[in-house]
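Now for the letters of each chain:
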Amino acid sequence: MSSPGDVPPEVLSRLRSIAGQLPQSYEEPAWIGVRWRIRTRTFAHVYTPDPDRHPLYAPYVTADQEPVVLTFRVPVDDLLGLTVGGFPFLRAGWGHNVVAAMLGEHTDWAELAELITDSYREMAPKFLAAQVALQPPSG
């Protein structure tokens, strides 16, 4: 098993291409894993949790891999709708509007890009959030 905080390079690469394009966002090491911030507010955080210390993630451990988790913010009104179906989304064990997404081969990266962008909008100053074009409704 990997040590806590190890994030596969391919996951980091995909997340960097999403979060790095948001106005004035930046990446930095977090207490575990990597986070993306706008000013002093974190809008996305990816890490490999130790399931012994964080039992919320224990059901997602497989024989060959620990879970890779991305936490992000959602509008409070969207929290239940996103997490009610369960895997790959669950309510994080902290914060009133924080979702944890289990990442892996099943990940819909287009959906995740929208969720990260929405999280950025939740945390960014209004003038920066307004610079991020809203995605047109899918058809």
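Note that the coordinates shown come from a computational prediction; the quantities given were computed from them, not determined experimentally.

Rules of the game
For every chain, the first residue of the written sequence is number 1, and numbering continues from 1 along that sequence. Side-chain atom pairs in this predicted model are given and counted only at pLDDT of 80 or more, local residue features only at pLDDT of at least 70, and totals for whole chains, interfaces and linings cover all residues. No hydrogens and no water enter the side-chain calculation; it runs on all heavy atoms of the structure. Only strands joined by at least two bridges in the DSSP assignment are considered to pair. Put simply, DSSP H or I for four residues or longer makes a helix, DSSP E for two residues or longer makes a strand, and each gets a number counted from the N terminus. Whenever a helix is involved, its axis is fitted only over the stretch in contact; in every case the axis is a line through C-alpha atoms, and angles between N-to-C directions fall within 0 to 180 degrees. Contacts are assigned to residue pairs that have any heavy atoms within 4.5 Å of one another. Relative accessible area decides the class of each residue, using a 1.4 Å probe on protein chains only: under 20% of the type maximum gives buried, over 50% gives exposed, and in between gives partly exposed. Here the expected span of a helix is defined as 1.5 Å times the quantity of residues minus one. We define a polar contact as two N or O atoms separated by no more than 3.5 Å, with the added condition that, inside protein, one atom must be a possible hydrogen donor and the other a possible acceptor, whereas residues neighbouring each other in sequence contribute only through side-chain atom pairs. Working definition of a nonpolar core: buried Ala, Val, Leu, Ile, Met, Phe, Trp, Tyr and Cys residues. They are joined through side-chain atoms within 4.5 Å.

Caption draft 1: Spotlight on the sheet that holds strand β1 (residues 25–29). With respect to topology, six strands assemble into an open sheet ordered β1-β2-β3-β4-β6-β5, the strand pairing being antiparallel. Because the sheet does not close on itself, it has two edges, and the strands there are β1 and β5 (89–91). Each neighbouring strand pair of the sheet contributes to a mean axis angle of 25 degrees, computed without reference to strand direction. The strands that helix α2 (residues 76–83) touches are β4 (68–73), β5 and β6 (98–103); relative to β5, the one it contacts most, it runs at about 125 degrees. Together, β1, β2 (34–38), β3 (41–47), β4, β5 and β6 form the strand contacts of helix α3 (residues 109–123), whose direction differs from that of β4 by roughly 40 degrees.

Caption draft 2: Region of the structure containing the environment of Pro29. Within the secondary structure, Pro29 sits in strand β1. When its relative accessible area of 68% is taken as the criterion, Pro29 is described as exposed. C-alpha separation for the pair Pro29 and His45, spaced 16 residues apart in sequence, amounts to 9.5 Å.

Caption draft 3: Summary view of α3. When the terminal C-alpha atoms of α3 are compared, their 21 Å separation across 15 residues agrees well with the 21 Å that a helix rising 1.5 Å per residue should span. Looking only at α3, the buried set comprises Trp109, Leu112, Leu115, Ile116, Thr117, Ser119, Tyr120, Arg121 and Met123. Its side-chain oxygen 3.2 Å from the backbone nitrogen of Ala110, Asp108 forms the N-cap of α3.

Caption draft 4: Main features of the nonpolar core. Ranked by size, the top nonpolar core spans 33 residues in total, and within it Leu15, Phe43, Val46, Phe72, Leu103 and Leu112 carry the most contacts. Elements that contribute at least two residues to this core include exactly α1 (9–19), β2, β3, β4, α2, β6, α3 and α4 (126–129). It is α3 that contributes the most residues to this core, six residues altogether. Ignoring any residue separated from it by four or fewer positions in sequence, one finds Phe72 in contact with Phe43, Leu82, Phe89, Asn97, Val98, Val99, Ala101, Leu112, Leu115 and Ser119. Ile32, Tyr47, Val69 and Ala100 belong to the second-largest nonpolar core, a separate cluster that totals six residues.

Caption draft 5: Layout of the pairing of β3. Burial runs high along β3: five of the seven residues are buried. Summarising the sheet, β2 and β3 pair through five bridges and their orientation is antiparallel. If you follow Val34 over to β3, its bridge partner there is Val46. Summarising the sheet, β3 and β4 pair through four bridges and their orientation is antiparallel.

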